[in-house]
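One letter stands for each residue in the lines below.
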Amino acid sequence: MANGVHFRTTRAEINRAALTHNAKIMQSLSAPAHLLGVVKADAYGHGMLVAARAIDEYVDAFAVAFIDEALLLREAGFIKPIVLLEGCFSAAELPICAHYNLQPVVHEQSQLDAIATAKLVRPLSVWLKVDTGMHRLGWDPERVVAVYAELSACPQVTSITLMSHFANSGEDEHPVTQLQRQRFAAACAQTKVLHQSLGNSAALTSSLKDYEQLSGHWLRAGVTLYGVNPDMQKQVHAELRPVMRLVAPVIALRHIAEGERVGYGSGWIAERPSLIATLAIGYADGYPRHCKSGTPVLIHGQKAPIAGTVSMDMITVDVTDIEGIQVGDEAELWGPHLSVHEIAEHAGTIGYELLTRVSARVPRVEV
Ligand SMILES: *Cc1c(COP(=O)(O)O)cnc(C)c1O
């Protein structure tokens with residue numbers, strides 16, 4: 001990593017053309033609604049500035065979790081509005097929001113009080129969050145009309161977008177989804193709000209019905225921008241292209257006899273004479289230690305199973321059935337040819353977590 005030079009070839013390739021392609025698709029799926037490009041958590045591990053550059057033209061605004069992430073975008077010269085999905089943590093952030101056109105979510109009484117008493121150079125656009133049933137952030141639906149009225153009367157506020165978030169996005173038939181829809185529709189009707197935002201990626205890709213219902217407002221696309229299906233049960237939206245390809249080289253190969261054991265804990269036992277490849281990637285790179293023996297990696301276009309526990313810097317793979325493998329060959333851990341969801345299932349998690357946890361020591365390489 002010294003001077004930006006990497007000798008280890010382990011890397012996360014970031015396909016910029018795929019990002020742009022996905023952003024175009026999400027833009028056309030969401031039109032005529034506005035599109036919010038969600039680039040929080042370093043653009044789901046892809047690199048926030050790289051991602052923002054690739055999608056800037058196709059989104060109407062960016063969204064991040066909190067102000068520090070937004071300021072990185074402003075410092076890099078991005079000028080579109082930025083929504084802070086958790087809002088402000090303290091009143092000290094409000095003048096900065098006003099100065100940089102950051103649009104905080106207001107989900108809590110202390111945030112409302114801070115805005116009501118703030119002295120700002122210019123008024124804020126804010127997003128008022130309703131808790132329609134996820135019970136994580138947002139106002140109780142019974143309080144929304146009063147809070148909306150209070151914000152509307154604030155000279156510090158110039159526009160209000162009403163928003164909520166699905167607990168079971170993409171599951172149209174789920175009873176909680178239906179309840180959330182009803183409550184959100186009621187809040188929009190009672191406040192007569194002009195701008196509203198309900199769906200994230202899954203709502204966008206799940207059904208035409210959603211798309212019609214949500215048109216004319218703001219859709220929030222995160223994971224689909226990175227080419228990943230939000231819903232593990234369903235097919236990837238046909239046209240999306242995975243953006244990240246996680247790659248690691250084979251750094252050692254050895255033949256072992258039947259009955260020999262591999263790795264920490266000696267948990268994997270060779271049932272036949274076997275060829276074991278050691279790859280330079282481990283849990284310190286964000287490859288999950290929860291991936292047990294049998295989790296596939298892709299080498300020479302073929303799946304080969306992990307053999308033995310994931311180490312900090314390495315994994316061992318049974319490549320007995322792969323022809324012609326050599327030290328220096330590269331494996332795909334996930335990417336266009338091996339779905340991150342498949343690996344996530346082996347790790348007992350979701351693709352979102354794997355992508356966001358690729359660690360800082362893995363260089364992001366634009367391709
Ligand atoms: C992260 C986030 C999103 C994006 O969700 P995806 O499933 O990645 O599209 C949308 N809305 C809110 C409130 C979020 O926190």
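Thresholds applied
Residues numbered from 1 in each chain as written. Predicted model: local features only at pLDDT ≥ 70, side-chain atom pairs only at ≥ 80, totals over all residues. Heavy atoms only, no water. Near = heavy atom within 4 Å. Polar contact = N/O pair within 3.5 Å; in protein donor to acceptor, adjacent residues only side chain to side chain. Areas by Shrake-Rupley, 256 points an atom, 1.4 Å probe, with all protein chains shown as cover. Helix = DSSP H or I, 4+ residues; strand = E, 2+ residues; numbered from the N terminus. Nonpolar A, V, L, I, M, F, W, Y, C, P; charged D, E, K, R; others polar. Domains from an automatic or database assignment. Contact = heavy atoms within 4.5 Å. Buried area = accessible area lost by both parts, 1.4 Å probe. Salt bridge = Lys/Arg side-chain N within 4 Å of Asp/Glu carboxyl O. Buried < 20%, exposed > 50% of the residue type's maximum accessible area, 1.4 Å probe, protein only. Pairing = 2+ DSSP bridges. Right-handed = clockwise from strand over helix to strand, strands pointing away. Expected span 1.5 Å × (residues − 1). Arc of directions from axis to C-beta. Axes fitted to C-alpha atoms, helices over the stretch in contact; angles between N-to-C directions. Parallel < 35°, antiparallel > 145°, perpendicular 65-115°, else oblique. Left-handed = near helix turned anticlockwise from the far one by under 90°.

Engineer: Which residues make up the site of the ligand, and what values do they have?
Structural biologist: K40, Y44, S201, R220 and Y352 are the nearest of the 13 residues found near the ligand. Note that an oxygen atom of the ligand is positioned 2.6 Å from one of the side-chain N or O atoms of Y44. Within the side chain of N200, an N or O atom sits 3.0 Å from an oxygen atom of the ligand. When the ligand is considered free in solution it has 390 Å² of accessible area, and contact with the protein chains removes 93% of it. Only α2 (40-45) and β9 (218-221) provide two or more residues apiece to the shell around the ligand. Classifying every residue of the shell around the ligand by side-chain character gives six nonpolar, four polar and three charged.

Engineer: Break down the domain arrangement of the protein for me, citing the residues and quoting the values.
Structural biologist: For the protein, the domain assignment lists domain 1 (16-226) and domain 2 (244-366). Facing the eight residues of domain 1 at the interface are six residues of domain 2. Area buried by domain 1 at its contact with domain 2 is led by Y44, G45 and H46, which between them contribute 53% of it. Inspection of the domain 1/domain 2 interface yields two salt bridges.

Engineer: Give me the pairing of strand β3 (residues 61-64): which residues, what numbers.
Structural biologist: Every second residue of β3 is oriented toward a common face, with A61 and A63 on one face and F62 and V64 on the other, all of them buried. As judged from the three bridges shared by β3 and strand β4 (residues 82-84), these two strands associate in the parallel manner. Residue pairing for β4: A63 is matched across the bridge by V83. At this point the chain moves from β3, through helix α4 (residues 67-75), to the parallel β4, and the crossover so formed is right-handed.

Engineer: Lay out helix α7 (residues 141-152) in plain terms, naming residues and giving numbers.
Structural biologist: Across its twelve residues, α7 extends 17 Å between first and last C-alpha, which sits within 8% of the 16 Å expected from 1.5 Å per residue. All of the buried residues along α7 are V144, V147, Y148 and L151. For α7, the angular spread of the buried residues around the axis is 105°, confining them to a single face.

Engineer: Please give an account of the packing of α7 against helix α8 (residues 175-191) that cites residues and values.
Structural biologist: Contact geometry of α7 with α8 gives a least axis separation of 10 Å together with a crossing angle of 25°. Looking at the two axes, α7 sits roughly parallel to α8. Seen along the crossing, α7 lies across α8 with a hand that is right-handed. Residues P141, V144, V145 and Y148 of α7 pack against R183, A187, Q190 and T191 of α8. In terms of residue class, the contact of α7 with α8 is made up of five nonpolar, two polar and one charged.

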